[in-house]
Amino acid sequence: MLRVCWKGAHAAALTLVWCVCGRKKPTVKCILNMVFLFCRSNAGKIVAASLLTVGGGLGSTILYAKWDPKFRANIEKSVPYSDQLFEMALGPPPPPLVPLQKKPGKIEPLQISSLSEASKESKQPKAKAKKSDPAPVEAPPAVEEMCNSCTSQFVCVCVGEESKDHHEPALKERPAEEVSARLAQQDKVEQDALAALTAGLEESLGSSAKTTLQAIGAQEAVLTAIATHTNKLKEAMDSQTPPDEKSTQWKALNEALSDRTRAMEEAEEALLKAKGELEILRGVINSAKQSKIDAARPQILAAEENLHSMIVDLDKVVTKVQTAQTEAKIMSQYSELVNEAKAQFQQELANITPEIQANWKGLSGKLSADDLNSLIAHAHRRIDQLNRELAEQRVREQIHIEVALEQQKLEDQKALERAVASALEHRREDMRLEQEKKVQEVREVMEAEMRTQLRRQAAAHTDHLRDVLKVQEQELHEEAQEIMNSKMMEQETHYRRLTQEQLDTFTLDMNAAYARLKGIEEAIDSHVIAEEEARKAHQLWLSVEALNYTLKSAGADSPTEPLEGAVGVIKENCAENEFAQALASALPEESLSRGIYGEASLRARFYDIRRLARRVALIDETRNSLYQYFLSYLQSILLFEREQVAPPAKLAPEDLDTFRLLAYATYSIERGDLELAAKFVNQLRGASQRVAQDWLKEARLTLETKQVISLLLAYANAVGLGTTQAP
Amino acid sequence: MSEKELGQKWDHCLADSAIKFGTGLGLGIVFSVVFFKRRTWPIVFGTGLGLGMAYSNCQNDLRSHYVLHSKVAKEQ
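Scoring rules and cut-offs
- Residues numbered from 1 in each chain as written.
- Chains lettered and ligands numbered in written order.
- Predicted model: local features only at pLDDT ≥ 70, side-chain atom pairs only at ≥ 80, totals over all residues.
- Heavy atoms only, no water.
- UniProt positions renumbered as here; feature names shortened; annotations may be inferred.
- Contact = heavy atoms within 4.5 Å.
- Buried area = accessible area lost by both parts, 1.4 Å probe.
- Salt bridge = Lys/Arg side-chain N within 4 Å of Asp/Glu carboxyl O.
- Polar contact = N/O pair within 3.5 Å; in protein donor to acceptor, adjacent residues only side chain to side chain.
- Helix = DSSP H or I, 4+ residues; strand = E, 2+ residues; numbered from the N terminus.
- Core = buried A, V, L, I, M, F, W, Y, C linked by side-chain atoms within 4.5 Å.
- Buried < 20%, exposed > 50% of the residue type's maximum accessible area, 1.4 Å probe, protein only.
- Disulfide = S-S within 2.5 Å.
- Phe/Tyr/Trp six-rings, centres within 6.5 Å; stacked < 30°, edge-to-face > 60°.

An unreviewed UniProt entry lists chain B under the name MICOS complex subunit MIC10, with Sinocyclocheilus anshuiensis given as the organism. Checking UniProt for chain B, the heading Subcellular location (unreviewed entry) contains the comment "Mitochondrion inner membrane". Of the comments in the UniProt record for chain B, the one headed Subunit (unreviewed entry) reads "Component of the mitochondrial contact site and cristae organizing system (MICOS) complex."

Under an unreviewed UniProt entry, the name given to chain A is MICOS complex subunit MIC60, and the source organism is Sinocyclocheilus anshuiensis. The annotation that UniProt attaches to chain A under Subcellular location (unreviewed entry) is "Mitochondrion inner membrane".

Another aspect to go through is the interface of chain B and chain A. Residue-level contacts link 14 residues of chain B with 21 residues of chain A. Summing both partners gives a buried area of about 1,500 Å² for chain B against chain A, and 58% of it is carried by carbon and sulfur. Of the charged contacts, one joins E5 of chain B and R690 of chain A as a salt bridge, the two residues approaching to 2.1 Å between their closest N and O atoms. Run the count over chain B and chain A and you get five residue pairs in polar contact (both at pLDDT 80 or more). Looking at the side of chain B that touches chain A, the elements that each hand over two or more residues are helix 1 (2–34) and helix 2 (41–63) of chain B. Looking at the side of chain B that touches chain A, the element that brings in the most residues is helix 1 of chain B, giving six residues.

Okay, the nonpolar core next. Residues V616, V681 and W695 of chain A together with L6 of chain B are the most contacted members of the largest nonpolar core, which totals 34 residues. Elements represented by at least two residues in this core include exactly helix 15 (599–615), helix 16 (626–638), helix 17 (658–670), helix 18 (674–682) and helix 19 (687–723) of chain A together with helix 1 and helix 2 of chain B. In this view, L6 of chain B contacts L612, V616, Y629 and V691 of chain A together with L62 of chain B; residues no more than four positions away in its chain are not counted. If you look at the next biggest cluster of nonpolar residues, it comprises 31 residues, including A274, A288, I300 and M310 of chain A.

Residue and element names in this part refer to chain B. Taken as a whole and assessed by the stated rule, the structure comprises one disulfide over all chains. One disulfide in the model links C13 with C58; its S-S distance is 1.2 Å. On the S-S bond that ties C13 to C58, the torsion sits near -130°, and the link is left-handed. Placement of C13 in helix 1 and of C58 in helix 2 is noted, with a sequence separation of 45 residues between them. Here the two residues C13 and C58 agree in accessibility, since each one is buried.

Moving on: the packing of aromatic side chains. Enumeration over the complete set of coordinates arrives at 10 aromatic pairs over all chains. For the pair Y64 of chain A and F71 of chain A, a centre-to-centre distance of 4.6 Å together with 65° between the ring planes defines the contact as edge-to-face. Using a relative accessible area of 34% as the deciding quantity, one classes Y64 of chain A as partly exposed. Arranged with centres 6.0 Å apart and planes meeting at 65°, the rings of F606 of chain A and Y607 of chain A form a pair that is edge-to-face. What links up through ring pairs into an aromatic cluster is the set F31, F35, F36 and W41 of chain B.

Right, let's talk about the pattern of salt bridges for a bit. Residue and element names in this part refer to chain A. Per the stated rule, a full pass over the model turns up 20 salt bridges over all chains. In this structure, the salt-bridge partner of R428 is E425, at a minimum N-O distance of 3.4 Å. Residue R428 and its partner E425 are both found in helix 11 (residues 369–551); the two are separated by three residues, about one turn of the helix. The exposure class of E425 is partly exposed, given its relative accessible area of 44%. Here E436 makes a salt bridge to R432, at a shortest N to O gap of 3.8 Å. Taken together, the residues E436 and R432, both in helix 11 and four residues apart, mark about one turn of the helix. Using a relative accessible area of 24% as the deciding quantity, one classes E436 as partly exposed. Overall, the relative accessible area of 28% leaves R432 in the partly exposed class. Salt bridges linked by common partners bring E429, R432 and E436 together as one network.

So, in structure tokens, the structure goes:
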């Protein structure tokens, strides 16, 4: 890579050289020059290197962004205007991957089911919540019917945690009394309906049972009638009985027939009525089923069973009757045939023996031989005929039997079909009833379970309620306690404040009175103090005056009396006056013990000092030989100057000459300014200084003492002025 | 009284010079008489000696204030 770059740079350099060197073949010299220049120029190297780096980075970034869209997105996000660059170089960015939309689809059905579940779930606790009053535990059907009605009525807010996905409008919870009233009302209504239903059912059941029984009875009567009829017919057919009884038999037969017909009619009627009642019952049952009152369900079931059994019985009886009828029909056909034959025979007999028509039954003894022969011939003929017929019949037997069989088969099939159909119907009904029974049982079981669960839930709810109530009670208790505490504190603070106020006012009054008293006392005291102060001041002044007076005791050459006594007096008298004490103790020891010289003496002494100082003016540390002494003495004699020279305001260095200083000092001292003279004398140097030392000390002492005393005096005066009261 | 000090010094100095002079004179006389056959020079010498001593003494006395006294510190 480097080599490539190097080669590139080399090539670039060559072209540059070629261009620069004026299209001639670049001479070695020229090239070398350029290379040298380039190589030597460090700036050029750096610029080339940086350009290469930047270009390489950019190119690699673009390439990688082309390969990895995420990287591209990152760069576009972080570096501004990079997206434009990328678009220019690579084209628009690829669309971002859409995340799969699986979840929302799946959620929907779940939501719906959960919604229904939740709605179902919520119904139960709602019902439970509303049953919290101490009503007796409703029968589960009541609960269910309440739950069914709950959906239309209200949503409990307190069951919100179970019905998050609900979209029902959040109605407010009705108060418990209203709820219970509504529930009671609902219950009553349902009870009424139930009662009505059951009453209706029972009524219809009863009536249908009655009619069915009637019908059955009628059918059975029909059966018996048919049976009797048939029997009678049979008996009548037998013709074994004597003829006089035959008429009774035939009469009885007729009676039986009429009975049978009547019975059949009655049976028909009863059957119709029963069927009608059963239909009514079925209708009632259906309507009861539709009303969906579960309490009536077993009754409905029982009614249905009854209905079914009644139908079954009825059908059985009807089939019995029908079979009996068919039998009777056969019998009647037979009897008809017999009658026909008899009639035919009779006709033939009548034809043969016309005179024996009426009641040939009691005929046996009355008949002549001819009649008998004719009868026998007729009978033989008849017998022949019958034999022939029999033979014919025998021939046609098979066919007849087949036909009869066919017929019978058809009839049997029909009957079978009918029977099968009815049996099927009955079976179906049975199954349905059984199913219903099973359903009922299962329902009951479920009801029982639900009851237990509901009971459990009720228990849990009561527990929860108890807990919640407990917590609430505690909270309320605490609240009440707090409120009470706060109120108590308020009252207390109020009371305290009132008492405090009272105390304060009392204290204020007391303080005021006390202050006044104090004021009065202080006024008196201050008066006393003022007087005391005045006295003291007076004393101080007196003592200071005494001290001052002692100053005057200075003699011509002797010092004053020692100021000790006066100072002691001051100190004694003004022991509490600190200023005086300080001042008194500021007096120098010498003045106390020895006293001070007066100004006059100092003045006199000064002149001596002056003379001496003049004489030893030249003597100092360096010059102190006897010869110098001689010279200085000579100088003092020969130097003429004024004795007193007014000192200038500022001292110049040439004023520090001994003679001049002495002149200034003389002038000052003549004017009474000892202090200034002392200052000038202090400026002396050398032997003159030594000579003037003592005098200077004395002068200092005097000055100090005088200063202190003047201060004291001033202070005493001030104090006296302060304490004196203007009249 | 510092002003008197000078006067005292001078007094002392004079007295001392008188004594020295006298003593020198005397001694010079003595010596001259005794040892130097009544020559004049011991007298003068003695007097001069005396005067010189007196001068020196006087000078020292007058200078004594300005002379620095030093002490050799003890080597530790």
